[in-house]
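In case you want the letters, here they are:
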Amino acid sequence: PPPPFFLTTARLPKCYAVRFGLWGAADYRDGKPPAPAAAPPGQQLLCPTCQEPLPSESLKVLAEDALDLYSRCFHPQSLAAPAQQEGSQGAAKEVVVTKLTGESVSVSLEGLKTVGDLRAALAKKTGVEPGRQRLMTAGRSAFPLNPSALLSDCHAALAPGASLQLVVLMCSFASSSSQPQQPSKSIRFDLTWGYPEAGRDDLDCTCFAYAANGKYRCCVDFCNREQLDGALKHSGDCEESRDPQSASGRQSVWISLARLPSDVMHLFFALSAARSQSLAAFPWSRVCVRDATSPEQQLAEYAIDRAEKARAIVMCSMHRSAWQADLWDVLALGEPSGGSVRDYSVMKHTCERVITSVTTSPC
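Reference entry: report on the structure contained in this document.

The rules behind these values
Residues numbered from 1 in each chain as written. Predicted model: local features only at pLDDT ≥ 70, side-chain atom pairs only at ≥ 80, totals over all residues. Heavy atoms only, no water. Helix = DSSP H or I, 4+ residues; strand = E, 2+ residues; numbered from the N terminus. Buried < 20%, exposed > 50% of the residue type's maximum accessible area, 1.4 Å probe, protein only. Contact = heavy atoms within 4.5 Å. Areas by Shrake-Rupley, 256 points an atom, 1.4 Å probe, with all protein chains shown as cover. Pairing = 2+ DSSP bridges. Disulfide = S-S within 2.5 Å. Expected span 1.5 Å × (residues − 1).

**Considering the overall build of the protein chain**
Across its full length, the protein chain carries 6 helices and 16 strands. A total of 363 residues make up the protein chain; the buried ones form 47% of that total. Residue pairs in contact within the protein chain that sit at least 24 positions apart in sequence constitute 66% of those at least 6 positions apart. When the accessible surface of the protein chain is summed, it comes to about 18500 Å², and 52% of that surface belongs to carbon and sulfur atoms.

This is the structure:
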């Protein structure tokens, strides 16, 4: 059956929606349109798997969407009219690409034939190398990974009015891999910063952990240095931070991939000012990803020359693949936020917004 993407609009428990999607497809192949169960008069129908309520209005929407999609999939001639209508509108002449920070750029499609051509044109506009670009639309990969793929085959991503989101990939790795350039079972995130020219203030590094549904799990920081049975550890101030003559500070977070609970899907790494009301006074901030057992092996680096007038910044994030548990993507964010070690509410909101904006499926 086709992927039941339409089921997410029905406000139903996912387990019921997926089961109905599969059953509906099988029934309709035999000429029988899908029809969800109806509740007895005066009673609430419950999902047989999770026992959550099944609203009657949502069931109606589900049935209508399912019938429409399955009729199109199993009777392709029904697609002819929409295809002609789409063609009459013409193709987009340019595409608008938005970063997670909200900054947008326009890229002309004139003379571009392949996905590789588009990535190269976008690199000139943003400075992001083609191999590090992840282009998303509606929470999914917008284009094939193959740079030779033709843009003419990417109708949905390049339709008039379509919007693309640019996510910058720092690195990807498999925690179970034995390849030389892959990390061991433990990795380290070093977050460093330059001290203000006038006066001295510190930044605090915090790592937030979230489950697959975006539910907050825990965090480690300067005061709370270990969580999840040692899977997350915070260094506190490193040696250069304690040196009064040093021009920079550093704090690190260690992640034991082998001990990290399987339900932890997202990790975010943020810097927040201890006393300053703005990060603009700090000349630079940087995050380095290293193999914890071989710190000289740097996997990736991302730097910001001078942060915006915000009190905190979410530097990067790490996401587990929903399809293969040992695959991880590390994304550069540079997302301005607010709050401090005394109040994480704004930073948590920033992390949760990013979770809804990105996906770990490869582009």
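So, next bit.
**A look at unusual backbone geometry**
Positive phi values are uncommon outside glycine, yet leucine 228 reaches one of about 55°. With respect to the helices, strands and loops of the structure, leucine 228 is situated in the loop between β9 (226–227) and β10 (232–237). One non-glycine residue, aspartate 229, adopts positive backbone phi at about 55°. Since its relative accessible area comes to 67%, aspartate 229 is described here as exposed.

**Section: the pairing of strand β13 (residues 285–291)**
Burial analysis of β13 places 6 of its 7 residues in the buried class, the great majority of the element. In the sheet, strand β6 (residues 186–194) pairs with β13 via 7 bridges, with the strands oriented antiparallel. By the bridge assignment, leucine 191 is partnered in β13 with valine 287. Of the strand pairs in this sheet, β13 and strand β14 (residues 294–304) are connected by 7 bridges, and their pairing is antiparallel. Looking at β14, one finds that valine 287 is bridged to tyrosine 302. A loop of 2 residues connects β13 with β14, the two strands running antiparallel in sequence.

**A short note on the pairing of strand β15 (residues 312–320)**
With 9 of its 9 residues buried, β15 lies for the most part within the structure. Two elements, β15 and strand β16 (residues 327–337), share 8 bridges in a ladder whose sense is antiparallel. The residue of β16 that forms the bridge with isoleucine 313 is proline 336. Between β15 and β16, which pair antiparallel one after the other, the connecting turn spans 6 residues.

**Describing the state of the cysteines**
In this structure the tally under the stated criterion is 0 disulfides. In this structure cysteine 171 is not part of a disulfide, and its nearest cysteine sulfur, from cysteine 316, lies 8.9 Å away.

**Re helix α4 (residues 115–126)**
Every α-helical turn comprises 3.6 residues, leaving residues that sit three or four positions apart pointing alike. Its 12 residues give α4 an end-to-end C-alpha distance of 16 Å, which sits within 8% of 16 Å, the value for a rise of 1.5 Å per residue. Among all positions of α4, only Val115, Leu118, Arg119, Ala121, Leu122, Ala123 and Thr126 are buried. For α4, the secondary structure elements touched by its buried residues are β1 (94–99), β2 (104–108), β3 (133–137) and β5 (163–174).

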